[in-house]
Structure formats: structure tokens, C-alpha cells
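Observations on the three-dimensional arrangement
Residue-level listing of the chains:
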Amino acid sequence: MADKIRVAVISAGMIANAAHIPAYRHLADRVELVAVSDTNPVSAQQTAERHGIPNWYTDTEQMLREQKPDLVSVCTPNRFHKENTMLALSYGCNVACEKPLALTYADTKEMFDYAGKQGKMLIACQTLRYDRQFSVAREFYDNGELGRIYYSEFSCIRRRGIPKWGTFHKKEMNGGGALCDLGVHLLDAILWIQGCPKFESITGASSACLARKEKDIITSLAESGAPSGVFNARPYAPEEFNVEEFAAGSIRLEGGQFMNFKTSWAVNLPPEFRMNICGDKAGYLVADNKILSTMGRYQVDIEPKIFDEDPLKDEPFSGHFYLMENIVDHLQHDAELFIKPEETLNVAKIIDAFYISAAEGREVKASEFD
Ligand SMILES: NC(=O)c1ccc[n+]([C@@H]2O[C@H](COP(=O)([O-])OP(=O)(O)OC[C@H]3O[C@@H](n4cnc5c(N)ncnc54)[C@H](O)[C@@H]3O)[C@@H](O)[C@H]2O)c1
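Residues numbered from 1 in each chain as written. Predicted model: local features only at pLDDT ≥ 70, side-chain atom pairs only at ≥ 80, totals over all residues.

A few words on unusual backbone geometry. Residue lysine 99 is joined to proline 100 through a cis peptide bond whose omega torsion reads -15°. As for its placement among the helices and strands, proline 100 is situated in the loop between strand 5 (94-97) and helix 5 (105-118). Phi angles above zero are rare outside glycine, and serine 11 is one such case at about 100°. Within the secondary structure, serine 11 is located in the loop between strand 1 (5-10) and helix 1 (14-26). For serine 11, a count of 28 C-beta atoms within 10 Å puts it in the buried group. Residue cysteine 196 is not a glycine yet carries a positive backbone phi of 60°. Residue placement: cysteine 196 occurs in the loop between helix 8 (178-193) and strand 8 (199-207). (Helix = DSSP H or I, 4+ residues; strand = E, 2+ residues; numbered from the N terminus. Buried ≥ 20, exposed ≤ 12 C-beta atoms within 10 Å, placed from the backbone.)

Burial in helix 3 (residues 60-67) covers these residues: Thr60, Met63 and Leu64. Seen end-on, helix 3 carries its buried residues on one side only, within an arc spanning 95°. Among the exposed residues of helix 3, those pointing more than 90 degrees away from its buried face are Gln62 and Arg65. Buried positions along helix 3 lie against strand 1, strand 2 (31-37), strand 3 (55-57) and helix 4 (81-90). A positive phi of about 45° marks lysine 68, the residue just after helix 3. (Arc of directions from axis to C-beta. Contact = placed C-beta atoms within 7 Å.)

With that out of the way, let us pick up the domain arrangement of the chain. Parsing the chain into structural domains produces domain 1 (5-128 + 316-337) and domain 2 (132-314 + 346-369). Each of domain 1 and domain 2 was reduced to a C-alpha centroid, and the two centroids are 25 Å apart. With 22 residues of domain 1 at the interface, the matching set in domain 2 holds 27 residues. Those elements that place two or more of their residues in the side of domain 1 that touches domain 2 are helix 1, helix 5 and helix 9 (318-333). For the side of domain 1 that touches domain 2, the leading source of residues is helix 1, giving three residues. Taken together, the residues that form the side of domain 1 that touches domain 2 break down as eleven nonpolar, nine polar and two charged. (Domains from an automatic or database assignment. Nonpolar A, V, L, I, M, F, W, Y, C, P; charged D, E, K, R; others polar.)

In this section: the pairing of strand 4 (residues 71-74). Both faces of strand 4 are covered, namely the face carrying Leu71 and Ser73 and the face carrying Val72 and Val74. Both strand 1 and strand 4 contribute to a ladder of four bridges, which runs parallel. Along strand 4, the bridge assignment pairs valine 7 with leucine 71. Taken together, the four bridges between strand 4 and strand 5 define a ladder with parallel strand orientation. Bridge pairing in strand 5 places serine 73 opposite alanine 96. Note that the unit made of strand 4, helix 4 and strand 5 has a crossover that is right-handed. (Pairing = 2+ DSSP bridges. Right-handed = clockwise from strand over helix to strand, strands pointing away.)

So, on to the site of the ligand. Looking at the ligand, there are 27 residues lining it, with Ser11, Gly13, Met14, Ile15 and Gly166 nearest. Counted by class, the shell around the ligand contains twelve nonpolar, twelve polar and three charged residues. If you count residues domain by domain, the shell around the ligand takes at least three from each of domain 1 (5-128 + 316-337) and domain 2 (132-314 + 346-369). (Near = placed C-beta within 6 Å.)

The strands that make up a sheet pair up through hydrogen bonds in the backbone, lying either parallel or antiparallel. One open sheet accounts for six strands, arranged 3-2-1-4-5-6; its pairing is parallel. Either end of the sheet is taken by a strand with one partner, and the two such strands are strand 3 and strand 6 (122-124). Put simply, the sheet's adjacent strands are angled 20° from each other on average, direction ignored. Contacting strand 1, strand 2 and strand 3, helix 3 crosses the sheet at an angle of about 150° to strand 2. (Axes fitted to C-alpha atoms, helices over the stretch in contact; angles between N-to-C directions.)

A word on the pairing of strand 2. Among the seven residues that make up strand 2, six are buried, leaving the element largely enclosed by the rest of the structure. Bridge analysis of strand 1 against strand 2 gives six bridges, and the strand direction is parallel. Looking at the pairing, alanine 8 lines up with alanine 35 of strand 2. Note that strand 2 and strand 3 share three bridges and pair parallel. When the bridges of strand 3 are listed, alanine 35 appears paired with asparagine 55. The β-α-β motif built from strand 2, the intervening helix 2 (residues 41-51) and the parallel element strand 3 has right-handed crossover chirality.

Right, let's get into the environment of glutamate 98. When you line up the elements, glutamate 98 lands in the loop between strand 5 and helix 5. Remark: the alpha-carbon pair of glutamate 98 and valine 74, spanning 24 residues in sequence, is separated by 6.1 Å. With sequence-adjacent residues up to four places away left out, glutamate 98 is seen in contact with Ile15, Val74, Cys75, His81 and Cys125.

On to the sheet that holds strand 9 (residues 246-253). With mixed pairing, the nine strands of this open sheet are ordered in space as 14-13-12-11-7-10-9-8-15. Lying at the two open borders of the sheet, with one neighbouring strand each, are strand 14 (298-302) and strand 15 (364-365). Bridge count between strand 8 and strand 15: two bridges; the pairing is antiparallel. The residue bridging isoleucine 202 from the neighbouring strand is valine 364, located in strand 15. Seen against the sheet, helix 8 touches strand 7 (149-157), strand 9, strand 10 (258-264) and strand 11 (272-279) and runs at an angle of roughly 150° to strand 10.

Shown next as C-alpha cells:
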């Protein structure tokens, strides 16, 4: 694909406006944004006008038929990822779909299988991996500085940060709550940092005891995950809330590795982001940028000097810029994709297994999905 890549975006919400479209515009010499679709005509039209996109639609199939894009971004609520991805693939498009790709592991697998059959690219937008701190951690892992990893943990806690827009709080639309919104990113990143070991089993628990009883708690859009503001804001309706606000679990990975995690939109704990990777040579406290190890007879703490010269560091969704560049490099020059199908499927299986474990109060094994 030597010429400019024709791109269309399905949905005109927060992530389309704040991340996908700006990332494509940044690549204007290699990409042509041809159209946007949204079931809400006002959103579609305003988004097209805001970004100078020449065409807008409320009928996605009509857009695909008329515009014949090479690449499509699927940015709808989770519930509609699969149908829009399958539709775009059936029209011969490559697809970058927001995370999580689908509500179940089975659907995620069906999507990748169909992409393979169509000979097209399908990639999940697990853009957190591009954060500097995570790529540094992965570099330490790759170079053997941490040794054999046998334990890892993350904690991604919002004290009160339920998204106040869209349909994140409805199970039928989002699949789940904090784990599907935040946890999916952190799970993907922490597994990637340690070479993507395969999931073996999980024990998890979830809760939803605050959201439904708190109507007037004050929080900020930034705390809810929309640092650039939202498009299509809707009033938050606590009585609709039917997903988990807090999730915690323990995971066994191949090679005897073990992982603990907790993540929340609302919990009576301090806000926290923590990720620790523990190897037999050293441990890396990713969020604190500190290596714990020994030197001779002494315990040492090492603070790597990371000079952040990232030209996109002020972009709130810079990961999308790097991901779109990787996708364009892949489509035009056959570059290796940064996020592989088997890695996304591994995370999808963990999330599916978590909800079974939380509902049934038991350990769930990966083999149950074969
Ligand atoms: N990668 C990230 O960092 C990140 C961050 C936030 C959200 N997301 C993901 O992006 C997706 C969208 O989130 P958002 O915050 O933009 O939501 P949003 O509510 O702001 O936008 C959703 C848009 O989709 C439209 N829509 C609904 N059904 C549609 C359909 N069938 N066809 C076309 N348009 C449809 C709505 O009208 C709305 O404009 C979710 O999957 C979410 O998990 C990813």
C-alpha cells in the first residue's frame, strides 16, 4: 500500500475525537481521513466539522460502501466493537479497534479468525504500552537486567473516577466496569513487560457497593479518564450502574509466575498507580522508577536516569499516535505489529475468566476455554 491510506472512523465520541483523529491528522502526509460515522448525527457532523473531515454518516455500512477505506478505527462502546469490526473486515478494510476488542474471549477469537480469513489486519488499541515507564521496564526485561520474573503486581486505583459520559457503567454495553476500562490496559502492559507469559488460572472478586448509592459525589473528568474533556456528555445515572466498581485478583502464569492486581473506579482507598516486577536478579518498581537489587554484600536501590525527550509527551493520548504510526508502517512497509493477536487473546481470556471466577467464587483455568 504505497499511496496515502484512506481512513474512516466509526464513532465520534471521546476517544475518536481526542485520540484517533488527532493521531491520523499527525500522519497527514501518509494518511487521508475520508469519513466519520456515528449513530448520533449531531456528533458525526460536529466531529467532521471540528477536524475538517469531508464526509460524515449515520449509516456505517453506507460509509464503507461509498468511501472504500483501507483502514477503519472502531471507537464505539465495547458492545458494538465486534459487529463494526466484522462489517469493516467484510468490506476488505484493516481495523484498529478500541479495547477491549469484545465482551468475551470467544468473540475476540472469532474477530481475529475472520481477520485472518480476510487477510486483513486487526489490532487492539492497547496504547498504554507506549508509555515511557513501561517501555523502559520492557527494555530491562529484554536485556536480562531483572533475571527470571517470578512475581508481579499492579494497583490502579481511582478513589472516585467512574466515567461520567457514555455507557461505561452498563454491563450490556461495556462488558464490565473498572476491569474492562482500566484493568485491560494494565493487564496488557504488565504481561507485555515480562514477555507476554500465557495465562493459566485466576481467582478474582469484584464489588459494586458505592456507585449506586452516591448521587452527588464530586469528582473531575480527569479523574474519570477524560483529560481532554468529553464529547456527548450524558448525565450520570447511578441507578443504571450494573458493573463492578472494584476488581481484585490473583493470576497464575506459565512458568510458575504469579501476579496480583487490584483496580477501581470507586473505592475507599487513596488513588494509586503502582506496578512492580520482581525478578531473581532485581525488582523494578515501575511507577517509582526504582530498581531494588544487591551489590556485593549490600542491598542497593538504583534510580535509572530516564531523559524523557518524547516530542509527543504533552499529548494526552500519545500512545495512539505511536500505535497509528506502527499500523501505517505495517500497512505500507510490512513493519511488525507492536500488539499481536495472541497477546490480545491472552488478556481477553483473563478478563472472561475473571468474571466467571467472581460470579462463581472459584478458581477458573485457561483450559476451560479450549
Ligand atoms: N485506549 C484508551 O486509552 C481508551 C480511553 C477511553 C476509551 N477507550 C475506548 O473507546 C471506546 C469508546 O469510548 P469513548 O470514551 O469514546 O465513548 P463515548 O461515549 O464518548 O463515545 C461513543 C460514541 O459511539 C457512538 N455510537 C454508539 N453506538 C454506535 C454504533 N453502533 N455505531 C456508531 N457509533 C456508535 C455514540 O453515539 C458516541 O458518540 C470504548 O471501547 C472505550 O473502552 C479507550
